[in-house]
Amino acid sequence: MLILNKTAGVFFKPSRRKIYAFLGSFHFHPGKLFLHKLVLGIETSCDDTAAAVVDEAGNVLGEAIHSQTEVHLKTGGIIPPVAQQLHRENIQRIVQEALSASEVSPSELSAVATTIKPGLALSLGVGLSFSLQLVDQFKKPFIPIHHMEAHALTIRLTNKVEFPFLVLLISGGHCLLALVRGVSDFLLLGKSLDIAPGDMLDKVARRLSLIKHPECSTMSGGKAIEHLAKQGNRLHFDFQPPMQRAKNCDFSFSGLQHVIDKMIMQKEKEEGIEQGQVLSSAADIAAAVQHTVACHIAKRTHRALLFCKQRGFLHQSNAVLVVSGGVASNLYIRKALEIVTNATQCTLLCPPPRLCTDNGVMIA
């Protein structure tokens with residue numbers, strides 16, 4: 001088991017003279033007083049440019065986001081230099097929109113918080129560069145944020161959750177189980193040994209050419225799989241969940257993806273169509289894939305819950321499982337996790353969908 005590195009900084013402790021100078025620099029809006037800390041959060045770890053202003057009481061004063069999904073759908077996946085350029089083109093506008101929505105000027109901020117890892121290096125660089133210019137210009141403290149820690153702690157913005165709790169983070173780039181013992185205090189219990197579940201679902205959607213399906217043409221891969229699965233019969237295909245004999249809490253999705261790719265190739269031959277055309281059995285495949293992914297995630301999470309309870313890491317009577325990340329918005333997977341928490345007398349909590357995906361609020 002590994003301990004996640006502590007990366008979040010703390011507020012600087014300025015002298016009294018600097019405090020007075022800082023307070024004197026405030027430009028208050030008519031009828032509006034800011035007597036508490038205000039943090040601007042900036043997120044550019046992957047393909048969403050996001051910013052938000054949050055106060056120390058957890059109130060979201062303003063936020064803005066620019067999604068690159070439409071562009072990356074056309075290219076069949078995220079191309080890092082393309083994502084970097086889109087971040088560059090949009091970051092100033094997004095930050096300005098968040099500040100305008102919150103009616104806060106940069107001089108009124110207490111600090112700027114920005115994702116520094118993990119993520120796409122080229123994308124992260126855009127947010128970091130912009131933030132450093134901002135803190136230098138307005139002489140504000142800079143707080144480096146670990147992307148996964150932000151996802152894990154978002155639930156405390158919407159629910160009263162005490163430490164410790166178990167968190168499952170599942171997205172297009174990440175998959176891990178960790179015991180959250182405090183802010184920046186994480187005990188890593190399991191992680192994906194290869195690719196993330198969201199990445200696998202996106203690749204299966206591309207292999208099925210779901211972008212050519214009339215109902216899925218504007219959806220991301222994971223959303224297309226979830227949508228189409230509602231129309232399919234998962235029993236028409238039998239995919240086995242990975243790592244069934246592995247006595248740990250790790251995940252694996254690449255082997256399953258390989259099996260699915262072979263099945264799709266076989267069905268294309270049977271139906272006499274070429275790669276790039278939509279199979280008549282696409283909905284059934286989507287349903288079977290989604291079910292298998294849900295089972296795999298649920299089984300590993302069940303093992304982690306039992307382990308934490310047996311070792312006394314979680315409260316026996318009010319243990320909490322928090323599920324966050326883009327894949328957490330998949331209602332079928334969430335239902336599978338609900339079955340697990342009901343069986344273990346735990347409470348399942350998920351941030352609202354808009355806070356499950358990458359956003360500026362979780363960083364702030």
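Residues numbered from 1 in each chain as written. Predicted model: local features only at pLDDT ≥ 70, side-chain atom pairs only at ≥ 80, totals over all residues. Heavy atoms only, no water.

In plain terms, the rule: UniProt positions are given in the numbering used here, feature names are shortened, and annotations may be inferred rather than shown by experiment.
Under an unreviewed UniProt entry, the name given to the chain is N(6)-L-threonylcarbamoyladenine synthase, and the organism recorded is Bos taurus. Here is the UniProt Catalytic activity (unreviewed entry) comment for the chain, exactly as written: "L-threonylcarbamoyladenylate + adenosine(37) in tRNA = N(6)-L-threonylcarbamoyladenosine(37) in tRNA + AMP + H(+)". Under the Subcellular location (unreviewed entry) heading, UniProt states for the chain: "Mitochondrion".

A short note on the overall build of the chain
The cut-off we apply is this: Secondary structure follows DSSP: runs of H or I at least 4 residues long count as helices, runs of E at least 2 residues long count as strands, and numbering of each begins at the N terminus. As a reference, a globule follows 2.2 Å times the number of residues to the power 0.38, and the radius of gyration itself is taken over C-alpha atoms. Buried means the residue's accessible area, taken with a 1.4 Å probe over protein chains only, is under 20% of the maximum for its type, while exposed means over 50%, and partly exposed covers the values in between. Throughout, a contact is declared for two residues whenever any of their heavy atoms are within 4.5 Å. Note on areas: Shrake-Rupley with a 1.4 Å probe; residue coverage comes only from the protein chains shown. For the purpose of charge, His is not counted, nor are the chain termini; Lys and Arg are scored as positive and Asp and Glu as negative. Lysine's charge is taken at NZ, arginine's at CZ, aspartate's at CG and glutamate's at CD.
Scanning the chain from terminus to terminus reveals 13 helices and 11 strands. Relative to its length of 364 residues, the chain is compact, with a C-alpha radius of gyration of 22 Å against a globular reference of 21 Å. Seen along its three principal axes, the alpha-carbon backbone of the chain occupies a region of about 75 × 50 × 35 Å. Every one of the 364 residues in the chain was classed for burial, and the buried ones make up 52%. Expressed as a percentage of contacts within the chain between residues at least 6 apart in sequence, the contacts between residues at least 24 apart total 71%. On the chain, roughly 17,300 Å² of surface is accessible, and the fraction owed to carbon and sulfur atoms is 55%. For the chain, the distance from the average position of its 37 positive side-chain charges to the average position of its 30 negative side-chain charges is 8 Å.

Let's talk about the packing of helix α7 (residues 197-207) against helix α10 (residues 282-310)
Cut-off, in case you're wondering: Orientation is described by axes fitted as lines to C-alpha atoms, over the contacting stretch for helices, and by angles from 0 to 180 degrees between their N-to-C directions. Here is the rule for angles: anything less than 35 degrees is roughly parallel, anything more than 145 is roughly antiparallel, 65 through 115 is roughly perpendicular, and the remaining ranges are oblique. Any residue that is not Ala, Val, Leu, Ile, Met, Phe, Trp, Tyr, Cys, Pro, Asp, Glu, Lys or Arg is counted as polar, Gly included; the first ten are nonpolar and the last four charged.
Two elements in contact, α7 and α10, have axes separated by 11 Å at closest approach and are oriented at 170°. Of the possible angle classes, the one that applies to α7 and α10 is roughly antiparallel. Contacts between α7 and α10 pair P197, M200, L201 and V204 from the former with V289, V293 and I297 from the latter. In terms of residue class, the contact of α7 with α10 is built from seven nonpolar, no polar and no charged.

Here's the deal with the packing of aromatic side chains
Let me state the cut-off plainly: By convention, a stacked pair of Phe, Tyr or Trp rings (six-membered ring in the case of Trp) has centres within 6.5 Å and planes under 30 degrees apart, an edge-to-face pair has planes over 60 apart, and any other such pair is tilted.
Going through the model one piece at a time under the given rule, you end up with four aromatic pairs. Between the aromatic rings of F237 and F239, the centroid separation amounts to 6.2 Å while the plane-to-plane angle is 5°, which identifies the pairing as stacked. The buried category is assigned to F239, whose relative accessible area is 6%. Where F307 meets F313, the ring centres are 5.8 Å apart and the plane angle is 70°; that geometry is what we call edge-to-face.

As for the pattern of salt bridges
Put simply, the test is: What counts as a salt bridge is simple: a side-chain nitrogen of Lys or Arg found within 4 Å of a carboxyl oxygen of Asp or Glu.
This structure, assessed with the given rule, holds eight salt bridges. Here R181 ties to D185 by a salt bridge, and the two come within 3.3 Å at their closest N and O atoms. Judged by its relative accessible area of 29%, D185 falls in the partly exposed class. We note a salt bridge from K335 to E338, for which the minimum N-O separation is 3.5 Å. Note that K335 and E338 are positioned in helix α11 (residues 331-343) at a spacing of three residues, about one turn of the helix. Under the relative-accessibility criterion, K335 is labelled partly exposed at 47%.

Comments concerning α11
Quick note on the threshold: The length a helix should cover is 1.5 Å for every residue beyond the first. In this description, one arc is meant: the one made by directions from the helix axis to the C-beta atoms. Any pair of nitrogen or oxygen atoms within 3.5 Å is treated as a polar contact; in protein, a donor-acceptor pairing is required on top of that, and neighbouring residues in sequence qualify only through side-chain atoms on both sides.
The terminal C-alpha atoms of α11, which comprises 13 residues, lie 18 Å apart, in line with the 18 Å expected from a rise of 1.5 Å per residue. For α11, the full list of buried residues reads I333, A336, L337, V340 and T341. The buried residues of α11 occupy an angular sector of 140° when projected down its axis, which confines them to one face. Residues of α11 that are exposed and point over 90 degrees away from its buried face: L331, I339, N342 and A343. With a side-chain oxygen positioned 2.9 Å from the backbone nitrogen of Y332, the residue opening α11 is N330. Just beyond α11, the residue with positive phi is Q345, at close to 55°.

Points about the environment of L314
The topology assignment puts L314 in the loop between α10 and β10 (320-324). Sequence separation between L314 and F165 is 149 residues, and the spatial gap between their C-alpha atoms is 6.5 Å. Those residues in contact with L314, other than ones at most four positions away along the chain, are P164, F165, L166, L179, L305, C308 and A319.

A word on a nonpolar patch on the surface
Cut-off, in case you're wondering: Patches were defined on residues exceeding 30% relative accessible area and lacking a salt bridge, with like-charge contacts within 9 Å and nonpolar side-chain contacts (Val, Leu, Ile, Met, Phe, Trp, Tyr) within 5 Å.
On the surface, a nonpolar cluster with roughly 200 Å² of combined accessible area is contributed by I116, L128 and L132. Summarising the element assignment, L128 is placed in helix α4 (residues 121-138). Looking at L128, the relative accessible area reads 31%, which means it is partly exposed.

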